[in-house]
Amino acid sequence: GSSFFIGLSGTVLSTCMTLVAYKFTKASIYGLSVVGAVFHALGQVLMVILLYNNVYMINYLVVLEIVSVISGLITAFIASLTLQKLPNRMIVKG
């Protein structure tokens, strides 16, 4: 049902914006992860607003974005630790 489109909208928007940030900025893994998390939440909330015609969901966005920044930082930290453990030959550099 609608949960597919809600998840897809977050995924598409976060992927696009992370790619833009990667291409046009010198953002670290932390910056890219936060961009992805923030725009994933934004995409999902915008889709809920469209699907359910409920503009008041925008109020939930403030809390969701704060949590997204925190989760993006945690994700980047874990990814950074993982990359440190991988052999250099397994890491693809942009």
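Structure's up top.
Residues numbered from 1 in each chain as written. Predicted model: local features only at pLDDT ≥ 70, side-chain atom pairs only at ≥ 80, totals over all residues. Heavy atoms only, no water.

A look at the overall build of the chain
We apply this condition: Secondary structure elements are taken from DSSP: a helix is a run of H or I of four residues or more, a strand is a run of E of two residues or more, and numbering for both begins at the N terminus. Whether a residue is buried, partly exposed or exposed follows from its accessible area with a 1.4 Å probe, protein chains only, as a fraction of its type maximum: under 20%, in between, or over 50%, in that order. Any two residues whose heavy atoms approach within 4.5 Å at even a single point are treated as in contact. Here the Shrake-Rupley method, with its probe set to 1.4 Å, supplies the accessible areas, and only the displayed protein chains count as covering residues.
Counting secondary structure elements, the chain contains 3 helices and 0 strands. Seen along its three principal axes, the alpha-carbon backbone of the chain occupies a region of about 50 × 25 × 20 Å. Out of the 94 residues in the chain, the part that is buried amounts to 23%. Here the contacts in the chain between residues at least 6 apart in sequence split such that 68% fall between residues at least 24 apart. Put simply, the chain shows about 6,700 Å² of open surface, and 72% of that area lies on carbon and sulfur atoms.

Remarks on the packing of aromatic side chains
The condition that has to hold: Each aromatic pair joins two rings of Phe, Tyr and Trp (for Trp, the six-membered one) with centres within 6.5 Å, and gets the label stacked for planes under 30 degrees apart, edge-to-face for over 60, and tilted for any other angle.
Applying the stated criterion across every chain yields a total of 1 aromatic pair. Their ring planes at 80 degrees and their centres at 5.3 Å tell us that Phe4 and Phe5 sit as a pair that is edge-to-face. Using a relative accessible area of 53% as the deciding quantity, one classes Phe4 as exposed. Its relative accessible area of 44% is what places Phe5 among the partly exposed residues.

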